[in-house]
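Residues per chain, in single letters:
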Amino acid sequence: MTDTVLNCKDVGIKFGGLQAVQGLNLKIKKGELLGLIGPNGAGKTTVFNMITGVYEPTEGEILLNGEKINGITPYKIVSKGIARTFQNIRLFGYLSVLDNVKIAMNKDMKYSIVEGMFRTKSYWREEFDVNSRAMEILKLFDLDKYKQYSANTLPYGQQRKLEIARAMATNPTLLLLDEPAAGMNPTETEELMNTIKLIRDNFGITILLIEHDMKLVLGICERLMVLNYGQVLAEGDPQEVINDEKVINAYLGSGGA
Ligand SMILES: Nc1ncnc2c1ncn2[C@@H]1O[C@H](COP(=O)(O)OP(=O)(O)O)[C@@H](O)[C@H]1O
Ligand SMILES: [Mg+2]
């Protein structure tokens, strides 16, 4: 047994002539919180898209708990325990906060369509379970008071939090967060930092975080990896990494990110 949850071995992808990611070796241990940083266009989101099966790498392989997952559909990858949030919020805006979380749990529902149509006992039992589990998750994120609101009426920071809550509803072992603090004010960012800590401590989950907000990154990540032009520029202890001259130059070169 190994305690490596995710292992990307020499992973790369080309889009036509563009080598968006190249020779990526990335290992994350169980319970680790790893920050993935780098200037815009460095390939960070593309890494998430490969891990979640949105894109198939053109080189290398990706292992989840030792099992190869590249080439598997995104839907199956979710069922294997990877959940993500997106750089741009993707909630069901007109659905309630509660329903946004319940929808993510649907893959666990066992009742048949007929049972659903005729509202049998087992339908109600499952519906009750799903409801109470969804409410538990909302409580944990302090979103239960908004349960009836349409998702798009929530303040921005709360919508971001709801996205994370929804990702957690699939019961993942690995959570990928793509710039969760983007567009947040400092108070919201602070709250988000506490939310991420809370998830990690409560669920013992492994987290890979893409983020530009250095306060957030340095506040919670135990290790950093820097991508630049699709390649790993530096990795290791957060303080050492951000003081690395190569890293500073990459950010200055891009006009800061
Ligand atoms: N589907 C795609 N087709 C073509 N090029 C893409 C595609 N997705 C990403 N890219 C390119 O790959 C590079 C890395 O993009 P991305 O992963 O979004 O960067 P980051 O998230 O670090 O800002 C960029 O040059 C981007 O234009
Ligand atoms: Mg991105």
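Since the model is a prediction, treat every value here as computed from it, not as a measurement.

A. Fine view of the packing of aromatic side chains. In this structure the tally under the stated criterion is two aromatic pairs. An angle of 75 degrees between the planes, with centres 5.1 Å apart, marks the rings of Phe15 and Tyr55 as edge-to-face. With Phe15 in strand 1 (residues 4-15) and Tyr55 in the loop between helix 1 (44-51) and strand 4 (59-64), this residue pair connects regions lying 40 residues apart in the sequence. Judged by relative accessible area, Phe15 falls into the partly exposed class, the value being 33%. Of the residues examined, Tyr55 reaches a relative accessible area of 33% and is grouped as partly exposed. Plain terms: the ring middles of Tyr146 and Tyr149 are 5.5 Å apart, the flat faces sit at 70 degrees to each other, and that makes the pair edge-to-face. Judged by its relative accessible area of 43%, Tyr149 is partly exposed. The residue whose ring lies beneath Arg90 is Phe86, and the NZ or CZ to ring-centre distance is 3.8 Å.

B. Focus on the pairing of strand 3 (residues 33-37). Of all the five residues making up strand 3, five are buried; the element is thus mostly covered by neighbouring parts of the structure. Of the two faces of strand 3, both are covered, the one formed by Leu33, Gly35 and Ile37 as well as the one formed by Leu34 and Leu36. Relative to strand 8 (residues 206-210), strand 3 runs parallel, the two being bridged by four bridges. Note that in strand 8 the partner of Gly35 across the bridge is Leu209. Relative to strand 9 (residues 223-228), strand 3 is paired through four bridges, and the arrangement is parallel. Within strand 9, the residue paired with Leu34 across the bridge is Arg223.

Thresholds applied
Residues numbered from 1 in each chain as written. Chains lettered and ligands numbered in written order. Predicted model: local features only at pLDDT ≥ 70, side-chain atom pairs only at ≥ 80, totals over all residues. Heavy atoms only, no water. Phe/Tyr/Trp six-rings, centres within 6.5 Å; stacked < 30°, edge-to-face > 60°. Helix = DSSP H or I, 4+ residues; strand = E, 2+ residues; numbered from the N terminus. Buried < 20%, exposed > 50% of the residue type's maximum accessible area, 1.4 Å probe, protein only. Lys NZ or Arg CZ within 6 Å of the ring centre and 35° of its normal. Pairing = 2+ DSSP bridges.

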